[in-house]
Amino acid sequence: MSTTTSHDVPRSARAKATAARPRRLRRDGSTVNFWLFTGPFLIGLIVFVYVPIGWSLWLSFFEARFTVTPDTFVGFDNYRQMLENGNFTGSLVTFTVFAAFIVPLTWALSLGLALMVNRLRFMRAFFRSVFFLPTACSYVAASLIWKMSIFSGVRFGLMNTVLGWFGVENIAWLADPDPPWYWLVIVSARLWLQAGFYMILFLAALQNIPPELYEAAAIDGAGPGWQTFRHITLPQLRATSTAVILLLLVAAYQAFDEFFNLLSKTTWGRPPLVELYYTALGQAQDYGAGSAGAVILTLLICMVTLLQGTFMGFGRGEKAE
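This one's a predicted model, so the numbers in the text were calculated from it and none came from an experiment.

Reading the values: rules and limits
Residues numbered from 1 in each chain as written. Predicted model: local features only at pLDDT ≥ 70, side-chain atom pairs only at ≥ 80, totals over all residues. Heavy atoms only, no water. Helix = DSSP H or I, 4+ residues; strand = E, 2+ residues; numbered from the N terminus. Expected span 1.5 Å × (residues − 1). Bend = angle between axes of the 7 residues up to and from the residue. Phe/Tyr/Trp six-rings, centres within 6.5 Å; stacked < 30°, edge-to-face > 60°. Contact = heavy atoms within 4.5 Å. Axes fitted to C-alpha atoms, helices over the stretch in contact; angles between N-to-C directions. Parallel < 35°, antiparallel > 145°, perpendicular 65-115°, else oblique. Left-handed = near helix turned anticlockwise from the far one by under 90°. Nonpolar A, V, L, I, M, F, W, Y, C, P; charged D, E, K, R; others polar. Buried < 20%, exposed > 50% of the residue type's maximum accessible area, 1.4 Å probe, protein only. 1 Å grid on protein atoms, 1.4 Å probe; cavity = no way out; pocket = protein on both sides within 12 Å on 5 of 7 lines; lining within 4 Å. Points joined across faces, edges and corners; volume = space filled by probe spheres on them.

Details of helix α7 (residues 182-207)
(1) Moving on: Taking 1.5 Å of rise per residue, 26 residues should cover 38 Å, and α7 covers 38 Å from first to last C-alpha, within 8% of that figure.
(2) Moving on: At Gln194, α7 is bent by approximately 35°, the largest bend along its length.

What follows is the structure, given as structure tokens:
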């Protein structure tokens, strides 16, 4: 009976076997590294996002007052209660109007800033950073500055001081809903906080437009102003504009920090999230009704987002020429 030694195995076969082991080890190591880096994030996502969402959906079908472990099933009664709640439905209507104003204003301002920064030939990085810096500011801190310094209702507030130079009496910006001056405070604060972020998105899209398109437009006789913007720049920004508008719509319905800190405990001007906050964490502590309202708000955001995406052709492939 013969034995096979290493000298009997062909050299090419030994080389292949030796090379196969490190590749298998590297593959196993890559898998371990993948789960090592993504595992904590996935665990946090499941524990702090998916589990609360599922629990909220479950609570919306139960009588859950002062408890998050109810045992009385009430079906859709919580949804009926929230839809019959004038404060909640009024907040949905109010913030649909708010979204109709804040979305186009932010879109136009961020696009205008991006066009201005993109045309600069010097200090472009400086101005890009200046306009982007407000996005790093806390909504709570900005709200307090707007409330206590810029739009303070006393005569020492910045806006009242400026208006006083022209003989205008002091305005209670946040204390009186008629006229609703508080919308000016909230809209200006939100514009300052978020316009820089969307400016960066538009700026990246502008820098990806091929310069050959502008050269061809110039040869065809298009002017360097409105004609070029309308027929070249704006169509090339369609995908970015759609994404920006969808993000702005979602952010408008999720507004909480600035309203909660600017309007405190007033019953007017509440966004849906603030109304849900007082429903679930107020004196009644009705977690079932609050969860039902959260589901209704989520469905409304999804519906508006899908309609807007369909209208603007989000996700639609480019047609072949």
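What follows picks up the thread again.
Concerning the packing of aromatic side chains
(1) Moving on: Within this structure, the stated rule accounts for 26 aromatic pairs.
(2) Moving on: Put simply, the rings of Trp58, Phe61, Phe62, Phe73, Phe76 and Tyr79 pair up and form one aromatic cluster.

Remarks on the side chain of Asn160
(1) Moving on: Tracing the backbone shows Asn160 in helix α6 (residues 158-165).
(2) Moving on: In contact with Asn160, not counting residues within four places along its chain, are Ser152, Gly153, Val154, Arg155, Asn170, Ile171 and Trp173.

Describing the side chain of Ser241
(1) Moving on: If you trace the backbone, Ser241 turns up in helix α10 (residues 238-253).
(2) Moving on: Contacts of Ser241, omitting those with residues within four sequence positions, involve Trp107, Phe202 and Met312.

Here's the deal with the packing of α10 against helix α13 (residues 287-312)
(1) Moving on: Axis separation between α10 and α13 bottoms out at 10 Å; the angle between their running directions is 165°. In this view, α10 runs roughly antiparallel relative to α13, as classed from their interaxial angle. Note on packing geometry: the crossing formed by α10 with α13 is right-handed. Along its contact with α10, which presents Arg238, Ser241, Thr242, Ile245, Leu246, Leu249, Val250 and Tyr253, the element α13 presents Leu297, Leu300, Ile301, Val304, Thr305, Gln308, Gly309 and Met312.
(2) Moving on: Here the contact of α10 with α13 is built from residues that sort into 10 nonpolar, five polar and one charged.

Quick word on unusual backbone geometry
(1) Moving on: At the junction of Asp178 and Pro179, the peptide bond is cis and its omega measures out at 0° in the coordinates.
(2) Moving on: Secondary-structure assignment places Pro179 in the loop between α6 and α7.
(3) Moving on: At Phe66, a residue that is not glycine, the phi angle is positive and equals roughly 60°.
(4) Moving on: In this fold, Phe66 is placed in the loop between α1 (11-59) and α2 (77-83).
(5) Moving on: A relative accessible area of 57% means that Phe66 is categorised as exposed.

Here's the deal with the layout of surface pockets
(1) Moving on: Taken as a whole, the largest pocket spans an internal volume of roughly 700 Å³.
(2) Moving on: Every residue lining the largest pocket is counted, 25 residues in all, and those nearest its centre are Ser56, Ser291, Ala294, Val295 and Thr298.
(3) Moving on: Within the residue set of the lining of the largest pocket, elements represented by two or more residues are α1, α12 (272-281) and α13.
(4) Moving on: The greatest single-element share of the lining of the largest pocket, amounting to nine residues, is contributed by α13.
(5) Moving on: Of the volumes computed, that of the second largest pocket is approximately 490 Å³.
(6) Moving on: Forming the boundary of the second largest pocket are 15 residues, of which Leu115, Asn118, Arg119, Tyr214 and Thr233 lie nearest the centre.
(7) Moving on: The element that contributes the greatest number of residues to the lining of the second largest pocket is helix α9 (residues 226-236), accounting for three residues.
(8) Moving on: Classifying every residue of the lining of the second largest pocket by side-chain character gives seven nonpolar, five polar and three charged.

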